[in-house]
Amino acid sequence: MPRNVLAERSVSLWMPVPGDIGTRMPEMGPLDVVVIGSGIAGLSVAYEALLKGRQVTVLDRGAIASGMTARTTAHLASAFDDFYHVFMGRRSAEEARLLYESLAAAIDRIEQIARAESIDCDFARCDGYLFLGEGDEPDTLEKELEACHRIGFDDVAWETRAPMPGWDSGRCLRFPDQGRFHPLKYLQGLASAIVARGGALRPHTVVESVTQEGDAVIVKVSGGEVIRARDVVFATNSSIAGPVTLHTKMAPYRTYAMAFAVPKGSVTDALYWDTLEAYHYVRLQPGTENDFLIVGGEDHKTGEADDASARFARLESWARARFTPATEVTHRWSGQVLEPIDFAGFVGRHPEHSHVWLVTGDSGQGITNGAVAGLLIPTLMEDQEHPWRALYDPGRVSLTAAKDFMMENMTAVKSMAEHLTGPLLPSEDALRPGEGGLVRSGVSAIAAFRDEDGVLHRLSSSCTHMGCTLHFNSFERCWDCPCHGSHFAADGEAINAPATSNLEKLT
């Protein structure tokens, strides 16, 4: 059975993912809308398209709702993690207003759907608090408050401190009407609603390629099956269908999260963020006997660090200093976000294919952005204009982001050189059970992993997407691509897009 990022070693607070409850296999023959990916973006698009009268089939290489959405911390925020005042330095104030409008509408829509479909997903409205990170510029908050009021986010206001027990944050900003929920409870309810409306969910189906022939989109899946569809939507974290130029306009980052048990009522139910570049983000999740404090941060570019233990130690130290009720650590996990160079995600029509649609570049707000995709793409499919279309257009060109474009794409240049110059283990004999790394083999490097039984797996170290050199992730026990975010299981199976082919096994 094919695997996805559920095969990575860590387990989030939301896991284990429920089984394929309520799935319905599609009938054979030409299909109307095919959505590839069953996370928050894919299921949101599928649900909204069904409400507009389209017939929808959802494909996923793993179980339904078991991809990167299961590794989120599920903040629902109209506050912008890259800051509205920074956004307006790159794009216009009008685009910032539309961005705020779209994020606020997405939270509203999740609340409406949860109510309409009677989805018990712990949804609640709460305030968000933005406070200065240690050593950060003191005028950051003033700039953000001014920007928020300029774009119509008028309820953002000063507070003397964030309600963090045991630590004084100092003067901070309060953002009303944010939200939080249990993402997998919500997606399981959304999946059931999709099936009840005649939609089809098809898990464990690996898409190998997509091409457009006239007005039809041809989807080839493993085993040789060919599916013809009118429209195809890619909602796979990093898209397997986007043009090369799209992948160069965003960069993959690993982010880390952990959950602490806290006594009920000991921490104010709110969202918390600091202003650091690799910012900390915190929220509460209700439990049965206790609540859970979820703390995230310590991001780094995918594949460019392998020091998860040190990052979790720093994250734990930071959290315990600010949230003194935190007791034992119950979960530690990691996920991946894709940072677009001009801040907004890529949601809309493929630049080269009129019936192919993309959702990617979610930054740190993938849950909210997934609901945005549900509001935007089904409307665009009907050839209707939408005020958010240009803001999220995957084909847009941002000349003001040229410097970041060059810096982010140096990763690919460095990665290609690593076949000859990268850090290599002296030999495969250095690997103990459960360890992996790059080993020199002639004029290049191979990816080697020794499993718990002592069996050595020798693989090509070149990502099957575009050939970048992979790095071993010892925390998740997988191979990460630093260029565009592909992940491979330790034995070489592709488990996260954009790569769709497994690594070559070497003798």
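Read on for a plain summary of the structure. (Residues numbered from 1 in each chain as written. Predicted model: local features only at pLDDT ≥ 70, side-chain atom pairs only at ≥ 80, totals over all residues. Heavy atoms only, no water.)

## What to know about the overall build of the protein chain
Step number 1: When you go through the protein chain residue by residue, the secondary structure sums to 10 helices and 24 strands.
Step number 2: In summary, the protein chain has a C-alpha radius of gyration of 22 Å against a globular reference of 23 Å for 507 residues, a match within 12%.
Step number 3: Reported as C-alpha extents along the three principal axes, the dimensions of the protein chain are approximately 65 × 55 × 50 Å.
Step number 4: For the protein chain, buried positions account for 60% of its 507 residues.
Step number 5: Summed over its atoms, the accessible surface of the protein chain is roughly 19400 Å², and 52% of this surface lies on carbon and sulfur atoms.
Step number 6: Side chains of the protein chain give 46 positive and 68 negative charges; the mean places of these two sets differ by 2 Å. (Helix = DSSP H or I, 4+ residues; strand = E, 2+ residues; numbered from the N terminus. Rg over C-alpha atoms; globule rule 2.2 N^0.38 Å. Buried < 20%, exposed > 50% of the residue type's maximum accessible area, 1.4 Å probe, protein only. Areas by Shrake-Rupley, 256 points an atom, 1.4 Å probe, with all protein chains shown as cover. Lys, Arg positive; Asp, Glu negative; His and termini not counted. Charge placed at Lys NZ, Arg CZ, Asp CG, Glu CD.)

## Some points on unusual backbone geometry
Step number 1: Of note, the bond from Met15 into Pro16 is cis; its omega dihedral lies within 30 degrees of zero at 5 degrees.
Step number 2: In this model, Ala497 is joined to Pro498 through a cis peptide bond whose omega is 15 degrees.
Step number 3: Within the secondary structure layout, Pro498 lies in the segment after strand S24 (494-496).
Step number 4: A positive phi angle is found at Ser118, which is not glycine, with a value near 55 degrees.
Step number 5: Using a relative accessible area of 65% as the deciding quantity, one classes Ser118 as exposed.
Step number 6: Positive phi outside glycine occurs at Ser363, with the angle close to 55 degrees.
Step number 7: Examined against the element boundaries, Ser363 turns out to sit in the loop between strand S17 (356-360) and helix H8 (366-381).
Step number 8: Ser363 sits in the buried class, given a relative accessible area of 3%.

## Thoughts on the packing of helix H1 (residues 40-51) against helix H5 (residues 183-196)
Step number 1: Following both chains from N to C, one finds H1 and H5 inclined at 30 degrees, their axes separated by 10 Å at the closest point. Taken together, the axes of H1 and H5 are roughly parallel relative to one another. Relative to H5, the crossing made by H1 is left-handed. Only Tyr186, Leu187, Leu190, Ala191, Ala193 and Ile194 of H5 make contact with H1, whose side of the interface consists of Ile40, Leu43, Ser44, Ala46, Tyr47 and Leu50.
Step number 2: Class assignment for the residues of the contact of H1 with H5 results in 11 nonpolar, 1 polar and no charged. (Axes fitted to C-alpha atoms, helices over the stretch in contact; angles between N-to-C directions. Parallel < 35°, antiparallel > 145°, perpendicular 65-115°, else oblique. Left-handed = near helix turned anticlockwise from the far one by under 90°. Contact = heavy atoms within 4.5 Å. Nonpolar A, V, L, I, M, F, W, Y, C, P; charged D, E, K, R; others polar.)

## What about the pairing of strand S14 (residues 291-301)?
The two faces of the sheet receive side chains in turn, since in a regular strand these alternate between them.
Step number 1: A large share of S14 lies buried, amounting to 10 of its 11 residues.
Step number 2: Direction of pairing for strand S11 (residues 250-262) relative to S14: antiparallel, over a ladder of 9 bridges. Looking at the pairing, Ala261 lines up with Phe292 of S14.
Step number 3: Where strand S13 (residues 281-285) meets S14, 5 bridges bridge the pair, whose relative direction is antiparallel. When the bridges of S14 are listed, Arg283 appears paired with Ile294.
Step number 4: Count of turn residues in the S13/S14 antiparallel hairpin: 5 residues. (Pairing = 2+ DSSP bridges.)

## Some points on the pattern of salt bridges
Step number 1: Enumeration over the complete set of coordinates arrives at 35 salt bridges.
Step number 2: Between Asp491 and Arg3 there is a salt bridge; the shortest N-O distance is 2.8 Å. A residue pair is termed long-range when its members are at least 10 positions apart, and Asp491 in the loop between strand S23 (487-489) and S24 and Arg3 in the segment before strand S1 (31-36) qualify at 488 residues.
Step number 3: Taking the relative accessible area as the measure of exposure, Asp491 reaches 27% and is therefore partly exposed.
Step number 4: We note a salt bridge from Lys185 to Asp122, for which the minimum N-O separation is 3.2 Å. (Salt bridge = Lys/Arg side-chain N within 4 Å of Asp/Glu carboxyl O.)

## What about helix H4 (residues 140-150)?
Step number 1: Turning to H4, its buried residues number three or more, namely Thr140, Leu141, Glu144, Leu145, Ala147 and Cys148. Projected down its long axis, H4 shows its buried positions confined to an angular sector of 165 degrees, all on one face. Among the exposed residues of H4, those pointing more than 90 degrees away from its buried face are Glu146 and Arg150.
Step number 2: Residues of H4 that are buried in the fold lie against helix H2 (84-90), strand S4 (124-131), strand S5 (157-159) and strand S6 (172-180).
Step number 3: After H4 finishes, the residue Gly152 shows a positive phi value of roughly 100 degrees. (Arc of directions from axis to C-beta.)

## Details of the sheet that holds strand S21 (residues 471-473)
Hydrogen bonding along the main chain pairs the strands of a sheet, whether they run parallel or antiparallel.
Step number 1: Within the open sheet, the 4 strands sit side by side as S21-S22-S23-S24. Their pairing is antiparallel. Of all strands in the sheet, those with a lone pairing partner are S21 and S24, marking the two edges. Adjacent strand axes in the sheet meet at a mean angle of 35 degrees, parallel and antiparallel pairs treated alike.
Step number 2: As defined by bridge partners, S23 adjoins S24 across 2 bridges and the pair is classed as antiparallel. Note that in S24 the partner of His487 across the bridge is Asn496.

## Focus on the nonpolar core
Step number 1: Counting residues in each nonpolar core, the largest one holds 87 residues, and the members touching the most others are Leu43, Tyr84, Phe175, Tyr186, Trp273 and Tyr392.
Step number 2: Per element, the largest residue contribution to this core is 10 residues, and it comes from helix H3 (residues 93-116).
Step number 3: Non-local contacts of Tyr84, meaning those with residues more than four positions away in its chain, are made with Ser78, Ala79, Ala96, Leu99, Tyr100, Leu103, Glu144, Ala147, Cys148, Ile151 and Phe153.
Step number 4: Core analysis: the next-biggest nonpolar cluster, separate from the first, contains 24 residues, Phe131, Ala270, Ala308 and Ala326 among them. (Core = buried A, V, L, I, M, F, W, Y, C linked by side-chain atoms within 4.5 Å.)

## Here's the deal with the state of the cysteines
Step number 1: Under the definition given, this model contains 1 disulfide.
Step number 2: Across a sulfur-sulfur distance of 2.1 Å, Cys468 and Cys483 are joined as a disulfide pair. Measuring handedness by torsion sign, the sulfur bridge of Cys468 and Cys483 sits at about -100 degrees and is left-handed. Placement of the pair is Cys468 in the loop between strand S20 (456-460) and S21 and Cys483 in the loop between strand S22 (478-480) and S23, with a sequence separation of 15 residues.
Step number 3: We note that Cys121 lacks a disulfide partner, and the nearest cysteine sulfur, in Cys126, lies 13 Å from it.
Step number 4: The exposure class assigned to Cys126 is buried, which follows from its relative accessible area of 6%. (Disulfide = S-S within 2.5 Å.)

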